[in-house]
Amino acid sequence: MRTFCETTLANGLRIAAEVDPRGYSVSLGYFVRTGARDETDVEAGVSHFLEHMMFKGTAKRTAADVNRQLDELGGQSNAYTSEEQTVYYATVLPKYQDRIVDLLTDMLRPSLADADFQTERQVILEEIAKYEDQPPFGAFERVMERHFGPRGLGRRILGTKESITLMTPKIMKDYFARRYSPENIVLAAAGNVNFDSLVEQATLMTAAWAEGDKPKAPRADDESKLPDGITVDATIETPDASQAYLVRVSPAPPTKDSRRYASRLLSTIVGDESGSRFFWEMIDTGRAEACAMWTQEFGDDGAMFTYLVCHPDEMTANRKRVDKMIRQVVKDGVTETELAQAKNKTIASCIMQSDRPSNRLFGVGNGLQMRDEYVDLDEMLERYRKVTLADIAKAAKESLVPPPTETFALAGAGS
Amino acid sequence: MKTTQVEFETPVEVVHTHVLDNGLVILGQPMPWLRTAAFSLAVRAGIHAEPANRGGLASLMCEMTQRGAGKYSSRDIVELQDNLGLDHSAGVSSSLASYGATMPAGALSDALSLYAEIILRPQLPEDQLDDALQVSLQELRAVEDEPTQQVMIRLKQLQYGDLSGRPSCGNLAGIESTTHQDVSKFFADRYRPAGAILAIAGSFDWNAVLDQCLELFSDWRGEPASEPEVDFGQAGYEHISQDSSQTHIGFSFDTIPFKDKDFYLLRAGVGVLSDGMSSRLFDRVREQRGLCYTISAGTHSLKDRGAVFGYAGTTPERAQETLDVTLREIQSLASGIETAELDRLKVRVQSSLIMEQESCTSAVASMLSDWYHRGRVVTAREIESIIEALTVDQVVQYWRTHAPKEFRVVTLGPQPLVIPTS
């Protein structure tokens with residue numbers, strides 16, 4: 001049986017675990033409430049850059065020690081940065097719990113040495129260049145900038161070449177001191193966790209985390225200007241591309257909003273990769289390489305994405321087909337059969353994911369960090385089951401009636 | 001609260017095998033602690049079975065079989081897949097076409113019945129061929145927009161030969177000339193039980209599932225058509241000129257195949273190079289020099305020959321150094337490895353074998369690959385003991401006697417690179 005355990009340390013660090021003694025592994029992660037939306041223009045990309053620097057050594061460990069010890073524990077470990085969170089996580093055998101907690105906790109107090117900073121800057125610039133070569137050639141970043149504005153939720157996670165080139169260790173250290181305080185962090189775990197030992201170890205190791213004054217907030221951005229390296233044109237020129245790409249953002253419920261389940265099911269019915277309305281009209285017919293809809297939820301906002309990829313000559317006609325399907329779902333809603341099918345598919349997928357602690361970790365960590373709640377599998381399934389046709393109809397009107405924000409990546413000014 | 005922890009060892013898995021008279025092999029690995037089940041059904045209808053002038057036919061076949069089968073229409077199939085909660089996929093490798101799904105355990109029986117229809121009795125509707133061909137053309141264009149894939153596709157042909165190294169997406173000429181007759185003939189020739197493998201893992205009852213499979217598949221008939229023509233690649237360098245932000249570098253060299261008794265010596269060396277964040281390529285190319293974001297190397301195997309393939313992406317001005325350092329690191333394996341490097345690898349292997357017990361999808365993939373390449377399932381226990389027994393001397397000795405040579409290199413970017421001659 002799975003048991004949920006939660007506690008808050010004196011320094012403000014929250015610890016939560018979904019304990020399942022049957023598990024073959026234990027997954028652990030630090031969920032830090034900081035991301036691109038918390039940055040100013042001069043800090044653009046610092047959350048993600050900092051995530052890389054966390055692997056570059058601490059007072060007790062060199063960079064090589066960190067990487068080597070992560071490998072010695074034999075599991076899978078990684079980190080990611082989003083608009084609102086930076087997450088460091090690992091999955092290991094239960095016998096290595098203490099060692100991985102020791103390592104991850106130590107990593108959260110990094111050296112941030114200048115020489116490592118300079119080397120890693122190159123890696124970040126390479127990462128930016130890598131995504132420039134990949135479809136849809138920056139269209140997701142652009143549509144976010146256009147929809148939310150180039151700051152806040154629209155801030156590029158990787159930053160820009162300009163902001164990364166001008167970044168200094170001081171900017172990073174100040175940002176770190178402001179954002180990585182214990183009350184801003186959740187330590188989450190799932191699987192075969194020894195919770196008592198986790199709490200004891202974290203208490204000991206993070207006791208000194210709250211010490212030191214926080215630097216004052218950086219100067220506010222000049223909102224009348226675009227940040228360096230940012231443009232907000234609707235079209236990205238991709239002269240060498242074989243396909244044309246369209247990304248749209250429409251409004252959607254935020255992460256704490258109970259309407260989010262209806263919104264997710266709506267996007268499954270309209271634009272899931274298989275069995276959806278888009279699938280039958282656009283993919284099964286070979287009219288498009290991709291045509292999909294999905295939602296993304298943030299603390300105080302949400303986004304419903306529509307993504308269309310096809311031959312450049314077909315973009316105009318295909319966009320009309322998509323619009324027609326959207327008008328139809330707004331006008332007539334969806335059928336009972338479609339809703340039942342979407343629920344079955346979603347519920348099965350939740351059950352399948354729950355077999356692995358590494359998947360459950362994100363449910364526990366994100367739930368606590370972003371919503372201050374824990375939802376077990378059965379409760380989650382119940383929330384999907386309760387969604388009605390009327391809920392879906394309402395979600396369609398709220399998300400799909402307002403004109404969406406669009407971005408194209410294609411050769412020649414198109415559409 | 002108090003929690004207890006049990007120390008797990010690699011479980012002794014039970015693998016059932018049943019060979020039908022028609023040649024179909026059924027493999028089963030019950031994992032009763034899971035809430036899920038998975039299967040994969042593979043037939044000898046991979047890329048190598050395509051006629052030379054019909055590149056893309058094997059993938060098209062996967063698309064066509066799912067456009068109606070037995071009494072089910074195309075829409076019925078998708079509706080069933082969704083309502084059963086199948087996380088499904090179908091695709092082709094060099095030799096096999098595989099259809100598989102992972103699902104909540106209770107759906108397994110219905111899922112097997114559905115896939116028996118898809119593979120044994122597809123309708124192959126002629127009026128759907130144009131749409132299916134359009135799907136293939138979309139995939140072909142998608143690849144053209146992915147520089148990494150473009151490099152790796154061309155590299156595979158340099159490595160294995162223009163014919164033996166063909167990509168699953170095929171080519172424009174092949175797709176455009178494919179007729180319904182080609183589809184029907186390919187199905188009749190290749191979707192046969194001899195040489196086919198059905199692997200099942202997860203929470204299920206072996207006897208009940210075997211009974212069902214006997215009912216579903218015993219009447220399936222047919223010998224596979226003759227083994228397809230093969231060719232071989234050779235060392236060389238090709239550059240694809242493109243005004244990209246990065247130079248994309250792919251490299252490969254000949255190795256022993258998966259079935260070779262020394263395979264794990266090869267694999268251990270590749271692990272030292274590329275498994276984990278302390279591996280040599282990650283550490284020396286990315287961490288110490290900041291030359292790239294992505295770098296990796298891995299083993300690949302056809303039945304009779306293998307190769308190591310690697311990739312690095314880096315901005316053009318740093319590309320030459322990236323290639324030079326990477327090739328140097330590969331050659332340096334023969335100069336020795338540290339005990340600690342091998343030990344880390346052993347822990348990784350043990351951990352991943354134990355954690356695989358949380359996923360019936362991985363179990364299915366391993367069983368299928370083992371049976372195809374080696375004619376038997378290699379258990380986690382057996383792999384663990386082979387890896388545990390490896391010594392530094394054995395690994396280094398292997399890399400000395402099988403020194404990487406005959407490199408194939410493909411780059412895509414603004415400028416070609418200079419390939420070291422030694």
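Residues numbered from 1 in each chain as written. Chains lettered and ligands numbered in written order. Predicted model: local features only at pLDDT ≥ 70, side-chain atom pairs only at ≥ 80, totals over all residues.

Asks: Would you explain the overall build of chain B in this entry?
Replies: Counting its secondary structure elements, chain B contains 15 helices and eleven strands. Scaling as 2.2 N^0.38, a compact globule of 422 residues should have a C-alpha radius of gyration of about 22 Å, and chain B matches this with 23 Å. Structurally, chain B occupies a C-alpha span of about 60 × 60 × 45 Å along its principal axes. Out of the 422 residues in chain B, the part that is buried amounts to 51%. (Helix = DSSP H or I, 4+ residues; strand = E, 2+ residues; numbered from the N terminus. Rg over C-alpha atoms; globule rule 2.2 N^0.38 Å. Buried ≥ 20, exposed ≤ 12 C-beta atoms within 10 Å, placed from the backbone.)

Asks: What should I look at first to understand the interface of chain B and chain A in this one?
Replies: Taken together, the 61 residues of chain B in the interface contact 59 residues of chain A. When residues of the side of chain B that touches chain A are traced back to their parent elements, those giving at least two are helix 2 (74-84), strand 5 (97-104), helix 4 (129-144), helix 10 (280-287), strand 10 (306-314) and helix 12 (339-355) of chain B. Of the residues forming the side of chain B that touches chain A, the biggest block, ten residues, is contributed by helix 4 of chain B. For the side of chain B that touches chain A, the residue count by class is 18 nonpolar, 24 polar and 19 charged. (Contact = placed C-beta atoms within 7 Å. Nonpolar A, V, L, I, M, F, W, Y, C, P; charged D, E, K, R; others polar.)

Asks: Before we go on, may I ask you to explain the domain arrangement of chain A in this structure?
Replies: Think of interface size as the accessible area that goes away when the parts come together; that is how it is often given. Residues and elements named next belong to chain A. In terms of domains, chain A is made up of domain 1 (3-206) and domain 2 (235-410). Using C-alpha coordinates to define each centre, domain 1 is positioned 28 Å away from domain 2. Domain 1 puts 35 residues into the contact, and the matching count from domain 2 is 25 residues. Among the secondary structure elements, those contributing two or more residues to the side of domain 1 that touches domain 2 are strand 2 (14-19), strand 3 (26-32), strand 5 (86-92), helix 5 (139-148) and strand 6 (185-191). Element by element, the count of residues in the side of domain 1 that touches domain 2 is highest for helix 5, at six residues. In the side of domain 1 that touches domain 2, the residues fall into 18 nonpolar, nine polar and eight charged. (Domains from an automatic or database assignment.)

Asks: What am I meant to see in the domain arrangement of chain B here?
Replies: All names here are of chain B. Taken domain by domain, chain B comprises domain 1 (16-217) and domain 2 (236-413). Its C-alpha centre places domain 1 at a distance of 28 Å from the equivalent point of domain 2. Contacts between the two partners involve 30 residues from domain 1 and, on the opposite side, 28 residues from domain 2. Breaking the side of domain 1 that touches domain 2 down by element, the ones donating at least two residues are strand 2 (25-30), strand 3 (36-43), strand 5, helix 5 (147-160) and strand 6 (197-202). Looking at the side of domain 1 that touches domain 2 element by element, the count peaks at ten residues for helix 5. A breakdown of the residues in the side of domain 1 that touches domain 2 according to their chemical character gives 18 nonpolar, eleven polar and one charged.

Asks: I'm lost on the sheet that holds strand 10 (residues 302-310) of chain A in this one. Help?
Replies: In a beta sheet, neighbouring strands pair by backbone hydrogen bonds and run either parallel or antiparallel. Residues and elements named next belong to chain A. The five strands lie next to each other as 7-11-8-10-9, forming an open sheet whose pairing is mixed. Of all the strands in the sheet, just strand 7 (235-237) and strand 9 (290-297) have a single pairing partner and so form its edges. Each strand axis lies, on average, 15 degrees off the axis of its neighbour in the sheet, ignoring direction. Sheet analysis places strand 8 (residues 244-251) next to strand 11 (residues 405-410), joined by five bridges and oriented antiparallel. Bridged to Val249 within strand 11 is Thr405. With respect to the sheet, helix 9 (residues 260-271) is in contact with strand 9 and strand 10, its orientation differing from that of strand 9 by roughly 175 degrees. Contacts from helix 11 (residues 315-332) reach strand 8, strand 9, strand 10 and strand 11, with the element oriented near 140 degrees to strand 10. (Pairing = 2+ DSSP bridges. Axes fitted to C-alpha atoms, helices over the stretch in contact; angles between N-to-C directions.)

Asks: What exactly am I supposed to notice about the packing of helix 12 (residues 336-353) of chain A against helix 14 (residues 377-385) of chain A here?
Replies: Two quantities define a packed helix pair, namely the angle between the axes and the distance from one axis to the other. All names here are of chain A. The contact between helix 12 and helix 14 brings their axes to 10 Å, and the two run at 170 degrees. Relative to helix 14, the element helix 12 lies roughly antiparallel. Between helix 12 and helix 14, the residues in contact are Lys343, Thr346, Ile347 and Cys350 and Leu377, Met380, Leu381, Tyr384 and Arg385, respectively. Among the residues making up the contact of helix 12 with helix 14, the classes are represented as six nonpolar, one polar and two charged. (Parallel < 35°, antiparallel > 145°, perpendicular 65-115°, else oblique.)

Asks: Would you take a moment to explain helix 8 (residues 195-206) of chain A for this structure?
Replies: One turn of the α-helix equals 3.6 residues, which is why residues spaced by three or four share an orientation. Residue and element names in this part refer to chain A. Counted at 1.5 Å a residue, the expected span for helix 8 with its twelve residues is 16 Å, and the 16 Å between its end C-alpha atoms agrees. For helix 8, the set of buried residues is Phe195, Leu198, Ala202 and Thr206. With its buried residues spanning 55 degrees around the axis, helix 8 presents them on a single face. Those residues of helix 8 that are exposed and angled more than 90 degrees off the buried face are Asp196 and Leu204. In this structure, the buried side of helix 8 is in contact with strand 1 (3-8), strand 2, helix 3 (97-107) and strand 6. (Expected span 1.5 Å × (residues − 1). Arc of directions from axis to C-beta.)

Asks: Help me out: how do you make sense of the pairing of strand 2 of chain B in this one?
Replies: Taken residue by residue, a regular strand's side chains alternate between the two faces of the sheet. All names here are of chain B. Most of strand 2 sits inside the fold, with six of its six residues counted as buried. Along strand 2, one buried face is formed by Val25, Leu27 and Gln29 and the opposite face, lined by Ile26, Gly28 and Pro30, is buried too. Counting the residues between successive antiparallel strands, the hairpin from strand 1 (residues 16-19) to strand 2 contains five residues, one of them, Gly23, with a positive phi of roughly 105 degrees. Bridge analysis of strand 2 against strand 6 gives six bridges, and the strand direction is parallel. Across the sheet, the residue bridging to Pro30 is Gly202, located in strand 6.

Asks: Honestly, the environment of Lys405(B) in this entry has me stumped. Any pointers?
Replies: Residues and elements named next belong to chain B. For Lys405, the location among the structural elements is in the loop between helix 15 (392-401) and strand 11 (408-413). On the basis of neighbour counts, which here come to 10 C-beta atoms within 10 Å, the residue Lys405 falls in the exposed class. For the pair Lys405 and Ser301, spaced 104 residues apart in the sequence, the C-alpha separation amounts to 17 Å.

Asks: Where do I start with the nonpolar core in this structure?
Replies: Nonpolar side chains tend to gather and get buried jointly when the protein is soluble and globular. Ranked by size, the top nonpolar core spans 103 residues in total, and within it Ala17(A), Tyr30(A), Ile100(A), Leu104(A), Ala188(A) and Ala189(A) carry the most contacts. Of the residues forming this core, the biggest block, seven residues, is contributed by helix 9 (residues 263-274) of chain B. One finds Ala42(B), Ala58(B), Ile118(B) and Leu140(B) within the second-largest nonpolar core, a separate group that totals 70 residues. (Core = buried A, V, L, I, M, F, W, Y, C linked by C-beta atoms within 7 Å.)

Asks: What is the right way to look at the pairing of strand 5 of chain B in this model?
Replies: Residues and elements named next belong to chain B. Strand 5 sits mainly inside the fold: eight of its eight residues count as buried. Bridge count for strand 3 against strand 5 is eight bridges, and the pairing is antiparallel. Note that in strand 5 the partner of Leu41 across the bridge is Tyr99. Pairing geometry for strand 4 (residues 87-92) and strand 5, over six bridges, is antiparallel. Counted as the bridge partner of Ala90 is Tyr99 from strand 5. Between strand 4 and strand 5, which pair antiparallel one after the other, the connecting turn spans four residues.

Asks: What exactly am I supposed to notice about the packing of helix 3 of chain A against helix 8 of chain A here?
Replies: All names here are of chain A. Following both chains from N to C, one finds helix 3 and helix 8 inclined at 30 degrees, their axes separated by 10 Å at the closest point. The angle between helix 3 and helix 8 places the two elements in the roughly parallel class. In this structure, helix 3 meets helix 8 at a crossing whose hand is right-handed. Contacts between helix 3 and helix 8 pair Gln97, Asp98, Val101 and Thr105 from the former with Ser197, Leu198, Gln201, Ala202, Met205 and Thr206 from the latter. (Left-handed = near helix turned anticlockwise from the far one by under 90°.)

Asks: I would appreciate a short explanation of the confidence of the model for chain B in the present structure.
Replies: Low-confidence regions, as indicated by low pLDDT, have predicted coordinates that should not be scrutinised in detail. Averaged over chain B, the pLDDT score is 94; the fraction of residues at 70 or greater is 97%. Segment residues 1-6 of chain B is flagged for pLDDT under 50; beyond a separation of four residues in sequence, or across chains, it makes 13 contacts in the model. (pLDDT = per-residue confidence, 0-100.)

Asks: Can you help me understand the sheet that holds strand 2 of chain B in this one?
Replies: As summarised here, the arrangement of the six strands in space is 1-2-6-3-5-4 (chain B), forming an open sheet in which the pairing is mixed. Looking at which strands have only one partner, the edges of the open sheet turn out to be strand 1 and strand 4 of chain B. Looking at each pair of strands side by side, their axes are set apart by 10 degrees on average, direction ignored. Taken strand by strand, helix 12 of chain A contacts strand 3, strand 4 and strand 5 of chain B, and its axis lies near 90 degrees from that of strand 5 of chain B.

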